[in-house]
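Inside the fold
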Amino acid sequence: MFRREPEKQDMRVPSVPETETAVPADRAPNQDFTPRTVSYIGPTVYFKGEITADEGLIIEGEIEGTIRHRSRNLTIGKQGRVHADIFAKVIDVRGHVDGAIYGEELVHLFSTSDVTGTIHCTRILMDDGAEFNGTVIMTGEIAKPARTPLAVAENVEKIAKVAS
């Protein structure tokens, strides 16, 4: 009359114990830290639009549009193909980028990178073999990423005035 339901298995991935989570050496102990600090866009992903992130981001797929990265590292992997304006704190390019790059702290072009466009940054590092066709504008301060296209145009004008 009464059927007993079989026990359901817990299919969740076990969480990483706190003791096994590596905290970067440059991170203050009072800052928030979660084990998952990096998102990954795989090589078969095509995305058109605006990406906004607050955690580390690795792009191996194809992106068209705008990337607004607020507080962590952004990496364009070897297979990454980005046709977008990029706003980020630290930008590592190992793949293809066609568009404006706004690096608040550092832009690093690795030997496998192929970049076409304008790079606005306070510091740049370019490895031997990196392909770059465009302009580098180095200023003491980079305009923060804006939310609207009009505000983006205003920031570009501010950078142009500082650069000249």
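Residues numbered from 1 in each chain as written. Predicted model: local features only at pLDDT ≥ 70, side-chain atom pairs only at ≥ 80, totals over all residues. Heavy atoms only, no water.

Considering the overall build of the protein chain
Put simply, the rule reads: By definition, any uninterrupted DSSP run of H or I lasting at least four residues is a helix, any uninterrupted run of E lasting at least two residues is a strand, and each is numbered from the N terminus. The buried label applies to any residue whose accessible area, calculated with a 1.4 Å probe on protein chains only, is under 20% of its type's maximum; exposed applies above 50%, and partly exposed to all values in between. Only the protein chains shown count as cover for residues, with accessible areas throughout obtained via the Shrake-Rupley method and a probe of 1.4 Å.
When its secondary structure is counted, the protein chain shows 1 helix and 11 strands. Along the protein chain, helices and strands appear, N-terminal first, in the series β-β-β-β-β-β-β-β-β-β-β-α. Across the 164 residues of the protein chain, 36% fall into the buried class. As displayed, the protein chain offers around 10,800 Å² of accessible surface, 52% of which is attributable to carbon and sulfur atoms.

A few points about the confidence of the model for the protein chain
Rule in force here: The predictor's confidence in any single residue is recorded as pLDDT, a number from 0 to 100. Note on definitions: a residue-residue contact is assigned when non-hydrogen atoms from the two residues lie within 4.5 Å.
For the protein chain, the average pLDDT comes to 77, and 63% of its residues sit at 70 or higher. Per-element confidence in the protein chain ranges from a low mean pLDDT of 57 for helix α1 (residues 149-163) to a high of 97 for strand β7 (residues 96-98). Taken as a whole, residues 10-34 scores under 50 in pLDDT and shows 10 contacts with residues more than four places along the chain or in a different chain. Taken together, the stretch residues 145-150 has pLDDT below 50 and engages in 11 contacts with residues farther than four places along the chain or on a different chain.

Concerning the nonpolar core
Where we set the bar: The nonpolar core is taken to be a set of buried Ala, Val, Leu, Ile, Met, Phe, Trp, Tyr and Cys residues, with the residues joined through side-chain atoms within 4.5 Å.
In terms of nonpolar packing, the biggest core is built from 23 residues, with Ile59, Val82, Ile86 and Ile101 touching the most fellow members. Residue assignment for this core shows that the elements contributing at least two residues are β2 (46-53), β3 (56-59), β4 (62-69), β5 (73-76), β6 (81-93), β8 (101-109) and β9 (114-121). Take this core: its biggest share by element is 6 residues, from β6. Setting aside anything within four residues of it in sequence, one finds Val82 in contact with Ile59, Ile63, Ile67, Ile76, His96, Val97 and Asp98.

Observations regarding the environment of Phe87
By the element assignment, Phe87 lies in strand β6. Spatially, the C-alpha atom of Phe87 lies 4.9 Å from that of Arg68, the residues being 19 residues apart in sequence.

Brief notes about the packing of aromatic side chains
Given two aromatic rings, their pairing is described by the distance between the two centres and the angle made by the two planes. To be explicit about the condition: Only centres within 6.5 Å qualify two rings of Phe, Tyr or Trp (six-membered ring in Trp) as a pair; their planes then separate them into stacked at under 30 degrees, edge-to-face at over 60, and tilted for everything else.
Applying the stated rule across the entire model yields 1 aromatic pair. Plain terms: the ring middles of Phe87 and Tyr102 are 4.5 Å apart, the flat faces sit at 5° to each other, and that makes the pair stacked. Of this pair, Phe87 sits in strand β6 while Tyr102 sits in strand β8, and the two are 15 residues apart along the sequence. We classify Phe87 as buried; its relative accessible area is 4%.

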